[in-house]
Every structure is written in structure tokens, then in C-alpha cells.
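Understanding the architecture of this molecule
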Amino acid sequence: MMMSYKSNLMRSYNNLAGVTEKVITHRQFNSYAENPSKASQAFQLRRTRWNVENQLSNNKQVRHKFQQAWDCMDDTYQDLGTKLVKYSSLRAENDADAGGRQALGEVIKGAADSVMQTMNAKYGENFIFSGADGQTVPFSWGADGKLLYRGMPVDVDTPTADELAAGGWEGKYADYAKLYGTVQNEHTYVDLGMGMQEDKDGNLIDSSAFDTALSGIGTIGYGTSTVTVKDADGNDVDVKDVPNNIISIIREYGEILAQCSPEDGSYPVDAQKWPQGSETRCDALEKQLETKLNELHATWMSHDTKATFLKTNEDRLESMDDTLNEQITTIEDIDPAEAITALMWAQYSYNAALRIGTSILSQSLIDYMS
């Protein structure tokens, strides 16, 4: 009887201890052995949720980076490119007080430096517009005063559209090929919950990941172009080697205006530097600036679309995270009402077992001796 009683008492005690632990920890099990089936389900769900939380963290970082990039392009297009440089160039062309061209030139040159500083902005420890190399400053001035992108000259000879279509131009335009390869081939892919898969050759499928690399020259241009403008007689003139980069355009335009006569505003004359005349060169630069600002605006709108996608994707990941957390809670966590009821019953059973024990053990040594 005593052996049976002790066994039942320990069973009641263990049951009470187990139920008490559930109430304290709010968990249905604390080891795999307690419930292998639910523990396996919980492990799978937690691993999935861990991946989702990583993707959510990546998405937030990328969204903030693209928001910074969007703001930089907005500043370049609106405040610097349009309001400051474009209006100043119109004033330089049409203002009756032509002597102010020199002062406007200094203002525009300062705008070029402002655009450079804006495009050299950083997010965290990395430069936003440095492509896949976030540690190298994107834009700088070379020893000859020419614009550089990560140490590479930007205003280089550029193949024509026919040469680009035909291919095989890389040897003739080596400097342009470096810039072209930087824009086309540099990528930094991040897993944002879109599958992130590789093809049968082991190459990443672009649509399954998000490319976070932002190229500065891909945003504001590189290479040179031939621009057609009208001369003083109304004839078409082809102006060659006009920069495609907004910073270079603004800088060169400001330098020409800064050399205008402070008395009458007449344009500088240098047949070697401007064989078609500095005023014609300014007209070409102004026309090119208009074109590049429109392209920048299109890129700006494209980034706005990407930022909208990132916000939508973030909402989707947050919803998925909440759903997974709810599933994990359902499997792992206790039902408080059920757990407290079980605790009360276990406590009642244990107390009853103790009460029975007092009846069994009430006999003394004297009773046995008699």
C-alpha cells in the first residue's frame, strides 16, 4: 500500500510541477521530447519567420537608401538643375544687363560643385551613387580640372549609335567601355522575399532579387555627344564633344560665362578652345542640359516607382511576419484559461493525495508494537 501510495503521490507532484511550469513559462512544451510533432512544426515556422525578418530588415534599409537617392536626384533636378542653372542660363542669354554674365558664371560654377556634393551623398557608411563599390567616392575633379567617376574620366569619346549597335567598338573607345561596363555590369542583389533563385547554370535570376547598386554616371550621364544648334545667321551648326554629364555641362557653361567681359558681357574668344565660338558652345551646352535634366527626371520617376514597390513589399513582409508569429503562438503558447484550470485541478489532486497520506501514516510505533 505504501509503495502504491508513494508512486501515486509522486505522479501527482510531477503533474503539478509540469502544469505550474506551463503557467509560468506560457509554453506548451520546453523541449523537443515533450512534443516532437509540435516542436518540429514550430522549428519550421521559426526558421521561415527568421528569413522573413531578415528580408524585412533588408527591405527597410534598401527603401531608406532609395529614398535618399530620390531626394538627391530631386535636389539636382529641381533646386540645382532647373531653378538655379536653367534660370541663370536663360538670364545670361536674354538679360539686357549683359555685364552680369560673369557673376552668373560664378554662380553656375558653384552649382556644379553643389551637384557633385549632392551626388556624393552617403547612406550609412557607403556612398549612394558609387555603384557596387560603396566605399569609393563617386565624383571628383581630376588634376586637369576634368570630372572623374571613381578615378575614371567621364567626358570621353563616345561611339555613335550605329557603332554601339554593330559591336566591336570597345577597342577604339576603351575609356568609354570602362564606364559602360561599370553601368551595365555592376549589381548588388539583395533578397527581399521574391524567391531569389539561380538558373541551371548557377546564375542569379534577376527578377528573383532586387538590385540596390546605383550608378552615379548612369544617373546623370557620361560620355560626349554632338549637339546641333543655330548660329547667329540661323544656320545649323554641329557642336562636337558636348558632355553628357550634368556636372560637366554646368561646370563648362559656368566657366564660359565667368570669362565674359564684365563691361558689356561679350563672350570670350578662343579659336582653339571654341572653334565655332563660345556663344555657340553655350547654346549647345544649354540645349544638352535641357535634355539631360529631362532624362534625370525620368530616372527620378523610375526611382519613385521602385520606392513605391519597396513600401508595398515591406507591408507584405510585415503582414507575413505577423501571420507566422500568430501560427507560432498557436503551436507553442498555452491557452491561459485551460492552463489555469489544469493547475487548479493538479493542485487539488496533490492536496487530496497528501490528505490520504495522513490517514495512512497516522499509526504510531506503539500501535505496531501492540
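Located above this text is the structure these notes cover.
First, a word on scope: everything that follows refers to the structure included in this document. (Residues numbered from 1 in each chain as written. Predicted model: local features only at pLDDT ≥ 70, side-chain atom pairs only at ≥ 80, totals over all residues. Heavy atoms only, no water.)

Some thoughts on the overall build of the protein
Formally: Here a strand is any run of E in DSSP of at least two residues, a helix any run of H or I of at least four, and the numbering for each starts at the N terminus. Only C-alpha atoms enter the radius of gyration, while the globule expectation follows 2.2 Å times N to the 0.38, with N the number of residues. Burial classification: accessible surface area is computed with a 1.4 Å probe over protein chains only, and a residue below 20% of its type maximum counts as buried, one above 50% as exposed, and the rest as partly exposed. We call two residues in contact when some of their heavy atoms are within 4.5 Å.
The secondary structure content of the protein amounts to 10 helices and nine strands. Against the 2.2 N^0.38 benchmark of 21 Å for 370 residues, the protein shows a C-alpha radius of gyration of 37 Å, more extended than a compact globule. Along the three orthogonal principal directions, the C-alpha set of the protein runs to about 140 × 50 × 35 Å. Within the protein, buried positions represent 38% of all 370 residues. Counting contacts in the protein only where the partners sit at least 6 residues apart, residues at least 24 apart contribute 66% of the total.

Concerning unusual backbone geometry
Phi is positive for arginine 150, close to 55°, though the residue is something other than glycine. Mapped onto the elements of the fold, arginine 150 is located in the loop between strand E4 (147-149) and strand E5 (152-153). The backbone phi angle of aspartate 241 is positive, close to 55°, even though this residue is not glycine. With respect to the secondary-structure elements, aspartate 241 resides in strand E9 (residues 236-243). Judged by relative accessible area, aspartate 241 falls into the partly exposed class, the value being 47%.

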